[in-house]
Structures are given as C-alpha cells and as structure tokens.
Amino acid sequence: MSFTPPEGGHATSAASTASTGHSTPNAKESERRFGVTPPASLQEPTEADLAVSEQLKQDLELDFPRETAEGLAHREQVLEELERIVSEWILEEGRSQGLSDETSFTAKIVTLGSYRLGVVQPGSDMD
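A few points on the structure.

Each value, and the rule that gives it
Residues numbered from 1 in each chain as written. Predicted model: local features only at pLDDT ≥ 70, side-chain atom pairs only at ≥ 80, totals over all residues. Heavy atoms only, no water. Helix = DSSP H or I, 4+ residues; strand = E, 2+ residues; numbered from the N terminus. Contact = heavy atoms within 4.5 Å. Areas by Shrake-Rupley, 256 points an atom, 1.4 Å probe, with all protein chains shown as cover. Salt bridge = Lys/Arg side-chain N within 4 Å of Asp/Glu carboxyl O. Buried < 20%, exposed > 50% of the residue type's maximum accessible area, 1.4 Å probe, protein only. Polar contact = N/O pair within 3.5 Å; in protein donor to acceptor, adjacent residues only side chain to side chain. 1 Å grid on protein atoms, 1.4 Å probe; cavity = no way out; pocket = protein on both sides within 12 Å on 5 of 7 lines; lining within 4 Å. Points joined across faces, edges and corners; volume = space filled by probe spheres on them. Nonpolar A, V, L, I, M, F, W, Y, C, P; charged D, E, K, R; others polar.

## Considerations on the overall build of the protein chain
From N to C terminus, the protein chain includes five helices and zero strands. Secondary structure elements of the protein chain occur, N-terminal to C-terminal, as α-α-α-α-α. Restricting the contact set of the protein chain to residue pairs at least 6 apart, pairs at least 24 apart contribute 49%. Carbon and sulfur atoms form 57% of the exposed surface of the protein chain, whose accessible area is close to 10,300 Å².

Structure follows, in structure tokens:
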C-alpha cells in the first residue's frame, strides 16, 4: 500500500479518502488530527494486523531485548546522583562568586533519545 499526502498539507476530503480506500473521518476525528499529514488509515486493525504486530513484538524482543526492571531502577539512581552532583557544583560555584544559596541557580537533568522514548536495551547509553 502506498500513501501520497494531499497537496499543500490540507485536510483530506471525503472524495479523496474514498478514492484511496481509506475511511472518511467523522467531524470529531478530523478535529483531533495530529501531525502535518493525514493518517494512512483510520480503520481498526484486522485480526491479521494484530497477529503480525504480535509476531513483530516477539521478534524484536529476541533481537533487541528491553532493559530489566533492575536495570531501569539503576538508571534512575544514576540520573538522581548526577542531578545531585550537578546541583552541588552549581551551589559551590555560586558561593564562590558571592551568591547566597537562595539566589543561586538550580539544574535539571533531561534525558533524550531512546531512554526518553522508553526503548532501552541492557547496556545501552543514555542521552
């Protein structure tokens, strides 16, 4: 199945969805669309779609296992410790520049990438 987004990124009309074989969204669905292009389909998955999705999940788990609960807990501890160290450093640096603890700055460690998306493998890095 190929998908061609509508020209100019405008909402797809009922006529164009009918010609592509995709279901026409009702008014409520079209108001809540996310992204810049319409979805490839608004149809519910078939039993075959669900079976293939389940097989894909099983195959991915074999080839790309997820981090264990213990591993995730350890990563959280590391992030908390890193944030504590950075916060202490900021306080010390502020004091050395004559700032009081109340007027000093704080920091927040923010994760990105696979860790932020929740697709962490054992031994993978954290961005």
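Don't stop here, the text continues.
## Some words on the pattern of salt bridges
Throughout the structure, instances matching the rule amount to six salt bridges. One salt bridge in this structure joins R75 and E67, with 3.0 Å as the shortest N-O distance. When sorted by exposure, R75 lands in the same class as E67, which is buried. One salt bridge connects R84 with E81, and the closest N-O pair in it is separated by 2.4 Å. Highlighted residues: R84 and E81, both in helix α4 (residues 69-96), separated by three residues, approximately one helical turn. Assessed through its relative accessible area of 38%, R84 is described here as partly exposed. Classification of E81 by relative accessible area gives partly exposed; the value is 37%. In this structure, a network of salt bridges that share partners links the residues E81, R84 and E88.

## A short note on the environment of E88
Looking at where E88 falls in the secondary structure, it is placed in helix α4. For E88 and A107, which are 19 residues apart along the polypeptide, the C-alpha to C-alpha distance reads 9.7 Å. Within the structure, E88 has its side chain in polar contact with the side chain of R84 (distance 2.4 Å).

## Some points on the layout of surface pockets
Here the second largest pocket defines a volume of roughly 170 Å³. Every residue along the wall of the second largest pocket is listed here: K57, L60, E61, F64, P65, R66, G118, V119, V120 and Q121. Per-class residue counts for the lining of the second largest pocket are five nonpolar, two polar and three charged.

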